[in-house]
Amino acid sequence: MRFLGGGEQQNAPCQDRLTRMLVLKCLSDETGDDAGDIVTQGFVDVDDREFVNIVNRLEGYFDCTLSLRSEPGRRFVVRDLVARVTAAITRCSPEADHV
């Protein structure tokens with residue numbers, strides 16, 4: 001998958017790709033940084049206000065709690081954030097209860 005402005009996403013399962021795209025959209029929409037640049041860099045540094053807004057958006061997008069507000073630092077590493085969101089939505093998913 002290619003993002004405008006450069007950067008690629010490859011070899012990710014379908015659900016992970018969708019989660020990654022939404023995480024990147026959230027980061028890009030809040031910071032104003034190009035999603036391709038975020039992909040290339042692999043992380044984005046934010047201020048306190050952006051941090052809270054991003055966490056709120058992600059929890060709203062995925063209807064889950066990420067428990068990020070007490071984390072030190074204000075850097076979102078895309079890979080780690082996608083893994084955290086995936087774990088949170090897997091724990092909260094009604095389908096997970098039936099597997």
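Here, every reference points to the structure presented above.
Attention here is on the structure that accompanies the text.

Conventions and cut-offs
- Residues numbered from 1 in each chain as written.
- Predicted model: local features only at pLDDT ≥ 70, side-chain atom pairs only at ≥ 80, totals over all residues.
- Heavy atoms only, no water.
- Helix = DSSP H or I, 4+ residues; strand = E, 2+ residues; numbered from the N terminus.
- Buried < 20%, exposed > 50% of the residue type's maximum accessible area, 1.4 Å probe, protein only.
- Contact = heavy atoms within 4.5 Å.
- Core = buried A, V, L, I, M, F, W, Y, C linked by side-chain atoms within 4.5 Å.

Some words on the overall build of the chain
So, step 1. Of the regular secondary structure elements, the chain holds four helices and two strands.
So, step 2. For the chain, the α and β elements follow one another from N to C terminus as α-α-β-α-β-α.
So, step 3. Within the chain, buried positions represent 38% of all 99 residues.
So, step 4. Looking at the chain alone, contacts between residues at least 24 apart form 54% of all its contacts between residues at least 6 apart.

Some details on the nonpolar core
Across soluble globular proteins, you tend to see nonpolar side chains buried next to one another.
So, step 1. With 23 residues, the main nonpolar core has Val23, Leu27, Leu58 and Phe76 as its most contacted residues.
So, step 2. If we skip the residues at most four places from it in the chain, Leu27 touches Gly32, Ile38, Val44, Ile54, Phe76, Val78 and Leu81.

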